[in-house]
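The lines below spell out each chain.
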Amino acid sequence: MILTVDSDIELIRKSGKLAGQVLEHIASLVQPGITTWELDLAAEKAIRDGGAQPTFKGYRNFPCTICASVNEEVVHGIPNRSKTLKEGDVISLDIGVTFSKKVDGKNFDFIGDTALTVPVGQISPRLEKLLADTKASLYAAIEASRAGNTLDDIGGAIEDIAKRNDYGIVRDYGGHGIGPNYHEDPFIFNYRTGSKVKLKPGMVIAVEPMFNQGGDRVRTKSDGWTVVTQDYKPSAHFEHSLLITEGRPEILTKRPNEVIS
Ligand code: MG
């Protein structure tokens, strides 16, 4: 989606801002003993209290507000009453926030999509590094997300950090355009593909690197949603929604206390 109307840009900013606030809030609740179900309830309440809708709930029949993916789970983990976080785990929290406007009786959605991976209590130095490197690759990808650059500049920025640190890169999932139907073209690979597709001012995209401590390969569990690494090694995932401008992109989903480095 390319946004040119000021009121539309304001709406997507509103969605992104609330998404960042809610993500920071639920990340602060993460501690040993809490369940992913409780995190989901807190996220849903915060999104609805903010006057918005949880994007994921009901999207292709996904049952919850957040995706909560623990350790070897990469993305799309379903919150569960019996999934209790333990000291030493890592959890990827992914949320979507929708504000809508009505045009000729039809709803048009403006979505903020964002994720981060956080430690549960004390984690190993190796896991800390996995989280730090995946986060660094998101910021490198954001730097590369400029009008005139290609999608390959984004994929290359991510791939370089993964290769330097010997991580697997998830190949089957990646960033995407964001529009009224949530996922939109272009698909944004987290590695070089030779894509010559250029970024243009007004484009709204989500960039979301996923690094694995082991190999690249992933599979979907029998619940139809949860993506896990095939070798069961841990994975990390960070995501922001961006508005492409003439200069540096605007990070729509920036969290209130996030330090961009
Ligand atoms: Mg996304």
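Quick note: structure is the one above.
Residues numbered from 1 in each chain as written. Predicted model: local features only at pLDDT ≥ 70, side-chain atom pairs only at ≥ 80, totals over all residues. Heavy atoms only, no water.

Draft legend 1. Region of the structure containing the coordination of the magnesium ion. Ligation of the magnesium ion by protein atoms is provided by Asp 113 (OD), His 176 (NE2), Glu 208 (OE) and Glu 239 (OE), these donors lying 2.1 to 2.3 Å from the ion. All donors of the magnesium ion belong to a single chain; written as a sequence motif, their spacing is D-x62-H-x31-E-x30-E. Remark: Glu 239 occurs in the loop between β13 (235–237) and β14 (240–243) and Glu 208 occurs in the loop between β9 (204–207) and β10 (210–212); sequence separation between them is 31 residues. Residue classification places Glu 208 among the buried residues on the basis of a relative accessible area of 7%. For Glu 239, a relative accessible area of 0% gives the class buried. (Donors = N, O, S within 2.8 Å, 3.2 Å for Na, K, Ca; no water. Helix = DSSP H or I, 4+ residues; strand = E, 2+ residues; numbered from the N terminus. Buried < 20%, exposed > 50% of the residue type's maximum accessible area, 1.4 Å probe, protein only.)

Draft legend 2. Seen up close, the side chain of Ser 195. With respect to the helices and strands, Ser 195 occurs in the loop between β8 (182–188) and β9. In this structure Ser 195 comes out as buried when scored by relative accessible area, which is 17%. A distance of 3.2 Å separates the side chain of Ser 195 from the backbone nitrogen of Val 197, its partner in a polar contact. Setting aside chain neighbours within four positions, we find Ser 195 in contact with Thr 150, Leu 151 and Asp 152. (Polar contact = N/O pair within 3.5 Å; in protein donor to acceptor, adjacent residues only side chain to side chain. Contact = heavy atoms within 4.5 Å.)

Draft legend 3. Looking closely at the sheet that holds strand β6 (residues 168–169). As summarised here, the arrangement of the three strands in space is β6-β10-β13, forming an open sheet in which the pairing is antiparallel. Either end of the sheet is taken by a strand with one partner, and the two such strands are β6 and β13. In the sheet, β10 pairs with β13 via three bridges, with the strands oriented antiparallel. Bridge pairing links Phe 211 to Ala 236 in β13. (Pairing = 2+ DSSP bridges.)

Draft legend 4. Region of the structure containing the packing of aromatic side chains. Under the counting rule described, the total for this entry stands at six aromatic pairs. Aromatic side chains Tyr 59 and Tyr 182 sit 4.9 Å apart centroid to centroid with 80° between the ring planes, which places their arrangement in the edge-to-face category. You can see Tyr 59 sitting in the loop between β1 (53–54) and β2 (66–70) and its partner Tyr 182 sitting in strand β8, a full 123 residues away along the chain. Tyr 182 sits in the buried class, given a relative accessible area of 6%. Centre to centre, the rings of Tyr 167 and Phe 211 are 5.6 Å apart; their planes meet at 25°, and the pair counts as stacked. Separated by 44 residues along the polypeptide, Tyr 167 in the loop between α4 (151–164) and β6 and Phe 211 in strand β10 bring together distant segments of the chain. Considered together, Tyr 167 and Phe 211 belong to a single accessibility category, that of buried residues. (Phe/Tyr/Trp six-rings, centres within 6.5 Å; stacked < 30°, edge-to-face > 60°.)

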